[in-house]
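# Examining the three-dimensional arrangement
For reference, the chains in residue letters:
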Amino acid sequence: MSIQDCGTKGRMDTNDSLRVASLWHSMHAISQQLSPVNGCSGIELLEADTFDLHCFQSLPGTKFFVVCEPGTPHMESLLRYIYELYTDYVLKNPFYEIEMPIRCELFDINLTQAVQSDRVALLGR
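Please read these numbers as outputs of a predicted model, since none were measured by experiment.

So, how was this worked out
Residues numbered from 1 in each chain as written. Predicted model: local features only at pLDDT ≥ 70, side-chain atom pairs only at ≥ 80, totals over all residues. Heavy atoms only, no water. Pairing = 2+ DSSP bridges. Helix = DSSP H or I, 4+ residues; strand = E, 2+ residues; numbered from the N terminus. Axes fitted to C-alpha atoms, helices over the stretch in contact; angles between N-to-C directions. Contact = heavy atoms within 4.5 Å. Phe/Tyr/Trp six-rings, centres within 6.5 Å; stacked < 30°, edge-to-face > 60°. Core = buried A, V, L, I, M, F, W, Y, C linked by side-chain atoms within 4.5 Å. Buried < 20%, exposed > 50% of the residue type's maximum accessible area, 1.4 Å probe, protein only. pLDDT = per-residue confidence, 0-100. Salt bridge = Lys/Arg side-chain N within 4 Å of Asp/Glu carboxyl O.

## Observations concerning the sheet that holds strand 1 (residues 45-47)
A sheet is described by the order of its strands in space; here 3 strands give the open sequence 1-2-3, paired in antiparallel fashion. Edge strands, defined here as strands with exactly one partner in the open sheet, are strand 1 and strand 3 (63-68). For this sheet, the mean angle separating the axes of adjacent strands, direction not counted, is 10°. The sheet contact formed by strand 1 and strand 2 (residues 52-57) spans 3 bridges and is antiparallel. Among the inter-strand pairings, Leu 45 is bridged to a residue of strand 2, identified as His 54. On the sheet, helix 2 (residues 75-90) packs against strand 2 and strand 3 and is oriented at approximately 135° with respect to strand 3.

## Things to note about the packing of aromatic side chains
When we look at a pair of aromatic rings, we describe it by the centre distance and by the angle of the planes. Under the definition given, this model contains 5 aromatic pairs. Ring centres of Trp 24 and Phe 65 lie 5.8 Å apart, and the angle between their planes is 85°; on these two criteria the pair is classed as edge-to-face. Of this pair, Trp 24 sits in helix 1 (residues 14-34) while Phe 65 sits in strand 3, and the two are 41 residues apart along the sequence. An aromatic cluster of at least three residues, connected via ring pairs, comprises Phe 56, Phe 64, Tyr 83 and Tyr 86.

## Let's talk about the nonpolar core
By size, the foremost hydrophobic cluster in this structure holds 18 residues, and its most contacted members are Val 66, Tyr 86, Val 90, Ile 102 and Phe 107. Of all the secondary structure elements, the ones that give two or more residues to this core are strand 3, helix 2 and helix 3 (105-123). Of the residues forming this core, the biggest block, 7 residues, is contributed by helix 2.

## Notes on the confidence of the model for the protein
Residues at a pLDDT of 70 or more form 85% of the protein, whose mean pLDDT is 83. Averaged over each element, pLDDT in the protein is lowest for helix 3 (78) and highest for helix 2 (93).

## Overview of the pattern of salt bridges
In the structure shown here, the tally under the stated rule is 2 salt bridges. The salt bridge involving Arg 19 is made with Asp 16; its shortest N-O contact spans 2.5 Å. Placement of the pair is Arg 19 and Asp 16 together in helix 1, with a separation of 3 residues, close to one helical turn. Under the relative-accessibility criterion, Arg 19 is labelled exposed at 52%. Relative accessible area serves as the criterion here: at 29%, Asp 16 is assigned to the partly exposed category.

## Comments concerning the pairing of strand 2
Across the 6 residues that make up strand 2, a large majority, 5, are buried. The turn joining strand 1 and strand 2, which pair antiparallel and follow one another in sequence, is formed by 4 residues. Between strand 2 and strand 3, which pair antiparallel and follow one another directly, the connecting turn spans 5 residues, one of which, Gly 61, has a positive phi of 105°.

Structure, rendered in C-alpha cells:
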C-alpha cells in the first residue's frame, strides 16, 4: 500500500485510507457478482457530492485509487500511468515484497511529479 496525498483539502490518515481500501474491495467484489452484464470488472468510479473516487484494477488484481474533486477529467489515464510507474519502480525493485507497504523513493518521486504535472495541465499552466 502506498498513500500519496497531493491535494490541498481533506487529508486522510493511514487508518482512513485502509478503511476506504477495505470497503472498496468489498464493494468491488460484490458489484462483479451482482452485475447483470457478463464480464463486468466491478466499480470503477464512485461519485459523491464533494469528491470522486476512481479505481483502476490491474490484471493481477492490484487496485489503484485517486480521490479528486468532482468532475476532474483524465483520472483514468492518470491511474494507468501510476500503474506503469508501479511496474517500473516497485515491481522491479528486488527489495520489494508483494502485499507490503511500498517504500520506494523513485516511485514516490515520479508519482509526485505525475500528479503535479497532471494538476498543471488541468489548470492550463
